[in-house]
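Here is what each chain is made of, one letter per residue.
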Amino acid sequence: MTKIEFDGTTILSTASGDETIVGDYYILAINPFATAQILSKTPELAKLEVLRLFTPLVQDGPHTQVSFRVAFSEEIHFPRKRMAVIVTDSEFNLTLFAEEQAWNKDVDLGKNVKSLWTGTSCISSVPGRIYHKPVNTCTKEEVKAQILRCGALDEMIREANQGKALKDFSMMEIEVWHEWEFSAEGIRPYQPKWVNSTTTQHFMPPQTTPLANLFLAGAHTQTQTHVWSIEGAVESGRRAAKAIDPRVAVIDQYIPGWVRVISRIDDLLYAVKAPHVIDLTIALLLFLGLWFLL
């Protein structure tokens, strides 16, 4: 989509290349960076309530979250089925999943490949432990070192593979997903990637707009998931559909009353830059314990 035709009260049509698309309802469910750019071409539309949130929504710029895959020449077992791993001691907050867990045994993973892990680096601003560079200028060796040096991951691999350590498995190749482009300026995607942050969270728009025939969807809109994820995207789509047709069912997230109370208290503590409610509770219990002993 390249343009939205707007008459001041309603959406008349959209343009995609040389083609004009006309519909009864329009659901804008594209990358927020592209959305902000398209809205900027129609200033009257970009100034409307809800739609004007897209400018501050993209203020952080694109997020570098590189996807990669690691091939092994031997099969690696995990303690539990369909197990995903978050390498919490990784500066890049690496996530890993063994794809053979999700495919039938006869699926070809690649020449001589017996285990195929896919991974993602979720933090782009923290320097790595070897080359002291963030994700957008790091090397594959940095990622490899962070995987191999995770003690908890190695312990799980040993548990499921009769004591054999992760470093003992032959790592054939680390391949960065084709969407990422390498250059002297660093790694960048062909399409900019957005994620919510503490600065953009308050600007996430709802699914409805002031226009009766324009709706929004995508994980960058307000959901009860609260996180930029596939779950948030699915929920947003259902909420946009429900705004058009009230018969669409959307199951609200169940949050116990005690969790709501603790969350509200924690929000107040965060507002005054106080420690987390759990930290304060532990400190209070320790204080009371010492006071009782004395």
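Cut-offs and rules
Residues numbered from 1 in each chain as written. Predicted model: local features only at pLDDT ≥ 70, side-chain atom pairs only at ≥ 80, totals over all residues. Heavy atoms only, no water. Phe/Tyr/Trp six-rings, centres within 6.5 Å; stacked < 30°, edge-to-face > 60°. Helix = DSSP H or I, 4+ residues; strand = E, 2+ residues; numbered from the N terminus. Buried < 20%, exposed > 50% of the residue type's maximum accessible area, 1.4 Å probe, protein only. Pairing = 2+ DSSP bridges. Axes fitted to C-alpha atoms, helices over the stretch in contact; angles between N-to-C directions. Polar contact = N/O pair within 3.5 Å; in protein donor to acceptor, adjacent residues only side chain to side chain. Contact = heavy atoms within 4.5 Å.

**Section: the packing of aromatic side chains**
- Under the criterion given, the structure shown has three aromatic pairs.
- With a centroid separation of 6.1 Å and 55° between ring planes, the pair formed by Tyr25 and Phe215 is classed as tilted. With Tyr25 in the loop between β3 (19–21) and β4 (26–28) and Phe215 in strand β12 (residues 214–216), the pair connects residues that are 190 residues apart, well separated along the chain.
- Among the residues examined, Tyr25 registers a relative accessible area of 46% and is labelled partly exposed.
- On the basis of relative accessibility, which here comes to 5%, the residue Phe215 falls in the buried class.

**So, the sheet that holds β3**
- Read across the open sheet, the three strands follow the order β1-β2-β3; overall the sheet is antiparallel. If you trace the sheet from one side to the other, it starts and ends with β1 (3–6) and β3, each paired once. Taking the axes of each pair of neighbouring strands and ignoring which way they run, one obtains an average angle of 25° across the sheet.

**Section: the side chain of Gln65**
- Mapped onto the elements, Gln65 comes out in the loop between α3 (54–57) and β5 (67–72).
- Taking the relative accessible area as the measure of exposure, Gln65 reaches 18% and is therefore buried.
- Engagement of the side chain of Gln65 in a polar contact is seen with the side chain of Lys193, the distance being 3.0 Å.
- If we ignore the near neighbours within four places in the chain, the residues touching Gln65 are Thr120, Ser121, Cys122, Trp180, Lys193 and Val195.

Honestly, it's all geometry; don't read function into it.
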